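Structural characterization, general
Listed here are the chains, written in short residue letters.
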Amino acid sequence: MLSASRVGTCTRTFTSSPQGSVCRLSLSLNMAQRRSVTTAAAAAGAGAGNDDVQGAMLEPSVVNTPWGRALGVTAAVAATAYSTTVMPSQAANFVHLLAFGIFLGTNVWNTFFVGLTMFKNMPRQMFGRVQSKLFPMFFALTTGANLVLLGSLQLSPAGLAGAPQNAVAALGVSAVSSLANWLFIEPKTTGLMFERYAIENKPSKSADDEADIKRLYKKFGMWHGISSLNNLVVLAATVAYGWILAGRLSL
C-alpha cells in the first residue's frame, strides 16, 4: 500500500525505496534554504534601523529630480493653458483627464493603501517620520492637480462661467480643503507630533513630561482629525467631479 503527501515542492512516497531517502534529503535542503533566507531578511531588517549608514542609494536620473519633476508639471500646465490656440481639443481633454486621474488616484492610494499599510507594519515613530516627508508631497501634488483642473476649465472656450456650476463647486471645495491641509493643517499636526516624540525619547521623564505627552496627544489627535476630515472632503468632491465628468464623456 502506497500513500503520498505533498510538502513544499516534494512528494513523499512512504516506501522503503531509495527515492524516499532522496525526497527527504530534498525536503531538508528546502527547509535549510528557507531558514537561510529568513535569517538574511532578519539581518537586513536589523541593519535597516541603523541611521548612521552614509552614502546615496543611487544616482537619481534627470526625470527623478525636483527640477525634472517641476519642468514636467510646468510643461503640462503650459500645454493646458494654451490649449485653445496651440493644442487640439483632444490633447487638451487628455491633459484634463490626466490631471483628474492623478488627483483621484493619489487620493485613493494614499487614503486606503499607503497610510494603513505603513501604520500596521512600522514602528509608530518611524511611521510618523516617514509620513512627515510624504504628506507635504501628497498635498502639493493633489493641490497642483486640482488647480490644473480649474485652470483648464477657465481657459476653455466657455470658461468657468460656462462650465457646470456643480463641477466648479466640487473643484473649488476640494481646492480650498487641499490648500488648507498643505499650507496650514499638516505643518501644525506634524509639529505637534515631533514635540511629543522629543519628550517620549528623553532618557527619563518627569511627571510634567508625562502630562505634556498627554496634552500633546490630545492636540495632535484634534488636528489629525481635522486633516483627515479635510482629506475626506477632498476625496468626496473629487469623486463627485468624476461623476459629472463621466456624464460629459462619450466612449
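The structure reproduced in this document is the subject of the present report.

Procedures and definitions
- Residues numbered from 1 in each chain as written.
- Predicted model: local features only at pLDDT ≥ 70, side-chain atom pairs only at ≥ 80, totals over all residues.
- Heavy atoms only, no water.
- Core = buried A, V, L, I, M, F, W, Y, C linked by side-chain atoms within 4.5 Å.
- Buried < 20%, exposed > 50% of the residue type's maximum accessible area, 1.4 Å probe, protein only.
- Helix = DSSP H or I, 4+ residues; strand = E, 2+ residues; numbered from the N terminus.
- Contact = heavy atoms within 4.5 Å.
- Phe/Tyr/Trp six-rings, centres within 6.5 Å; stacked < 30°, edge-to-face > 60°.

**Some words on the nonpolar core**
Judged by nonpolar contacts, the single largest core of 16 residues is most densely connected at Phe100, Phe103, Leu149, Leu171 and Tyr241. For this core, the elements supplying multiple residues, two or more each, are helix 3 (89-121), helix 4 (124-154), helix 6 (165-200) and helix 7 (207-247). Take this core: its biggest share by element is five residues, from helix 4. When sequence neighbours within four positions are dropped, the list of residues in contact with Leu171 reads Asn146, Leu149, Leu150, Leu153 and Tyr241. Core analysis: the next-biggest nonpolar cluster, separate from the first, contains nine residues, Ile185, Ile199, Phe220 and Trp223 among them.

**Examining the packing of aromatic side chains**
By convention here, two paired aromatic rings are described through the distance between centres and the angle between planes. Scanning the model with the defined rule gives eight aromatic pairs in all. Measuring from ring centre to ring centre gives 5.5 Å for Phe184 and Trp223, while their planes differ by 75°; the resulting arrangement is edge-to-face. Residue Phe184 is located in helix 6, and its partner Trp223 is located in helix 7; the two are separated by 39 residues in the primary sequence. Seen in terms of ring centroids, Phe194 and Tyr197 are 5.9 Å apart; in terms of plane orientation they differ by 90°. Their pairing is edge-to-face. Here Phe194 and its partner Tyr197 are both found in helix 6, three residues apart, which amounts to about one turn of the helix. The buried category is assigned to Tyr197, whose relative accessible area is 6%.

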